[in-house]
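# Working through the structure, step by step
What follows is each chain in one-letter form.
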Amino acid sequence: MQIDREEEGKMPNERKVTVLDSFQESSMINMNFTEISKEAEEQAWPEGRSGHCICSDNENFLYVFGGYNPKDSHSIYNQLWRYNTSANVWTILPDKENGSPLSGASISMTYWDQKIITFGGTGYPFAEQNSNHLSLYCLRSYKWFNLTKLAKDQAIIQGCDENEIKVKPCECTEIRNAAPNPKYGQSITISPAGKLYVFAGTLGLEFENDLHSFCLHNMFWTAHNFCSIHRDTIPEPRYRHASISKDNRFYVLGGATSYRIFGFRYLHSFNYDTKIWEKLRCTSKDGTLDSMIYPEPRHSHVCVEYQKKVILIGGLPLPNRSLDDIWVMDLETLSWTQLQSAFPSPIYFHAATMCNNELYVFGGTDTQKKRVNKLHVCQMNVKPLKRQCWTFVTKQLKRNKCLDKQTLANLGIPKSFNYWIDDLKMLAG
């Protein structure tokens, strides 16, 4: 396995942060994670897994989909779990029509406009049942929809075939109605204009660095091809990387192939407006390169964006060594900082998301290669006042066994909060 030696940088123990300049950074010096446990032994809880996805509505709910566990008859999970952060309740969301994606290992997922969107993934044995399905779960109707099929049907109705469109004088082109290959380990991001971008991934033995987008408003795929002028800045093929979308671009961090692991000295970003790739070099906190430190090359890590910073946790730098370190990169200066604190244990193939100023990490593979189902949370900042009040009320009502919509109405709580206790109704039904 080749590691990017030029990107290894100084070893983490050479320098660690003790004082940070801003309030936002100071709140990150010690990211202390707490494990959330069951309130009762019989409480429903997702099975241990790796290669799954997690996202949130950034208000109250987390969503977990997919994953793999070799101990449970090589299970590939295709149930959509929802975690109610205020009630500490896990619920399997309905799928009466059996429309959920079946290739749930190393699948990609995101939240958009009260909908869950997934793409790709593989089954077991890996690479023998790859998927290029783009699926949507509506959180209003609790139903799955196959967007790939809908897009094909629409193209047939409109009489559209693959159509190459020149978009720039430099010869970069877009090919409409061209879907990605079936693959896994890719990343997906959504632009402010409502386009979903799929980058890289693997077919099994072959690794890709292709870029496709799907217009969520008009339902069509586009393959983005780059001319010789702009090809030099395209990231190399990889899988199990992380992509972070912020403002008018998304960033690619880490990843690997079967023979190489990518580092963090250089980052690639795709500009949604100009539709070109850029290769960016990270700098140190004082703006120089000589004192630069950055994370060890790795794949199967997690990255989340919080207040214009990227938080990186864990991952796999070598086949038999996982990490528990935590790094923060400032998106404005592209400078990396290692935090004093670490995750509770080394972990990889895990998943993470932000919700209401809290960072949640679920599942993954531990140092014994066991798939875990632990849920950890780190409070990054003060919770919004609405959230604090809701947490207090629900805690008291749960204790008195009267957390229901009628009690909330009697207390004068707005009906908009009723949705947050629907999971309790599902469990009772």
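Residues numbered from 1 in each chain as written. Predicted model: local features only at pLDDT ≥ 70, side-chain atom pairs only at ≥ 80, totals over all residues. Heavy atoms only, no water.

### Section: unusual backbone geometry
Leaving glycine aside, a negative phi is the common case for residues, and trans is the common case for peptide bonds. Backbone torsion omega between Tyr-124 and Pro-125 reads 0°, so that peptide bond is classified as cis. Mapping Pro-125 onto the fold places it in the loop between strand S9 (115-119) and strand S10 (134-138). Within the chain, Gln-114 stands out as a residue other than glycine whose phi angle is a positive 60°. Within the element layout of this structure, Gln-114 appears in the loop between strand S8 (108-111) and S9. Residue Gln-114 is classed as partly exposed on the basis of its relative accessible area of 29%. Positive phi, normally seen in glycine, also occurs at Leu-334, with a value near 55°. Among the structural elements, Leu-334 can be located in the loop between strand S25 (321-330) and strand S26 (335-347). (Helix = DSSP H or I, 4+ residues; strand = E, 2+ residues; numbered from the N terminus. Buried < 20%, exposed > 50% of the residue type's maximum accessible area, 1.4 Å probe, protein only.)

### Some points on empty space enclosed by the protein
In the structure shown here, the tally under the stated rule is two cavities of 30 Å³ or more. If you go around the second largest cavity, the residues you meet are Val-167, Cys-172, Thr-173, Glu-174, His-224, Asn-225, Phe-226 and Lys-275. At the level of secondary structure, the elements contributing two or more residues to the lining of the second largest cavity comprise strand S13 (173-176) and strand S17 (220-225). (1 Å grid on protein atoms, 1.4 Å probe; cavity = no way out; pocket = protein on both sides within 12 Å on 5 of 7 lines; lining within 4 Å. Points joined across faces, edges and corners; volume = space filled by probe spheres on them.)

### Brief notes about the environment of Thr-148
Mapped onto the fold, Thr-148 is located in helix H2 (residues 147-158). Judged by its relative accessible area of 5%, Thr-148 falls in the buried class. Along the chain, Thr-148 and Asn-132 lie 16 residues apart, while their C-alpha atoms are 8.0 Å from each other. Contact partners of Thr-148, with chain neighbours within four places excluded, come to Asn-132, His-133, Leu-134 and Trp-221. One polar contact links the side chain of Thr-148 to the main-chain amide nitrogen of Leu-134, over a distance of 2.7 Å. (Contact = heavy atoms within 4.5 Å. Polar contact = N/O pair within 3.5 Å; in protein donor to acceptor, adjacent residues only side chain to side chain.)

### Examining the side chain of Gln-186
Locating Gln-186 in the fold gives a position in the loop between S13 and strand S14 (187-190). A distance of 3.3 Å separates a polar atom in the side chain of Gln-186 from the backbone nitrogen of Tyr-184. Excluding its chain neighbours within four sequence positions, the residues that come into contact with Gln-186 are Ser-106, Ile-107, Ser-108, Phe-119, Gly-120, Gly-121, Val-198, Phe-199, Ala-200, Gly-201 and His-241.

### A look at the sheet that holds strand S12 (residues 163-166)
Two modes of strand pairing occur in sheets, parallel and antiparallel, and in both the strands are linked by backbone hydrogen bonds. One open sheet holds the six strands; their spatial order is S12-S13-S17-S16-S15-S14, and the pairing between them is antiparallel. For this open sheet the edge positions go to S12 and S14, each flanked by a neighbour on one side alone. Between one strand axis and the next, the sheet turns by 25° as a mean value, whatever way the strands run. The pairing of S14 with strand S15 (residues 195-202) spans four bridges and is classified as antiparallel. Its bridge partner being in S15, Ile-188 is matched across the sheet by Val-198. (Pairing = 2+ DSSP bridges. Axes fitted to C-alpha atoms, helices over the stretch in contact; angles between N-to-C directions.)

### Overview of the nonpolar core
What tends to happen in soluble globular proteins is that the nonpolar side chains get buried as a cluster. Tyr-63, Leu-80, Leu-93, Ile-116, Tyr-137, Trp-390 and Leu-408 are the most contacted members of the largest nonpolar core, which totals 22 residues. Put simply, the parts of the chain that give this core at least two residues each are strand S3 (50-56), strand S4 (61-69) and helix H3 (385-399). The two domains that each donate at least three residues to this core are domain 1 (33-381) and domain 2 (385-428). If near-sequence neighbours (up to four positions away) are discounted, Tyr-137 is found in contact with Leu-80, Leu-93, Pro-94, Gln-114, Lys-115, Ile-116, Tyr-142, Lys-143 and Trp-144. Of all hydrophobic cores here, the second largest spans 19 residues; its members include Ile-326, Leu-339, Ile-347 and Ala-352. (Core = buried A, V, L, I, M, F, W, Y, C linked by side-chain atoms within 4.5 Å. Domains from an automatic or database assignment.)

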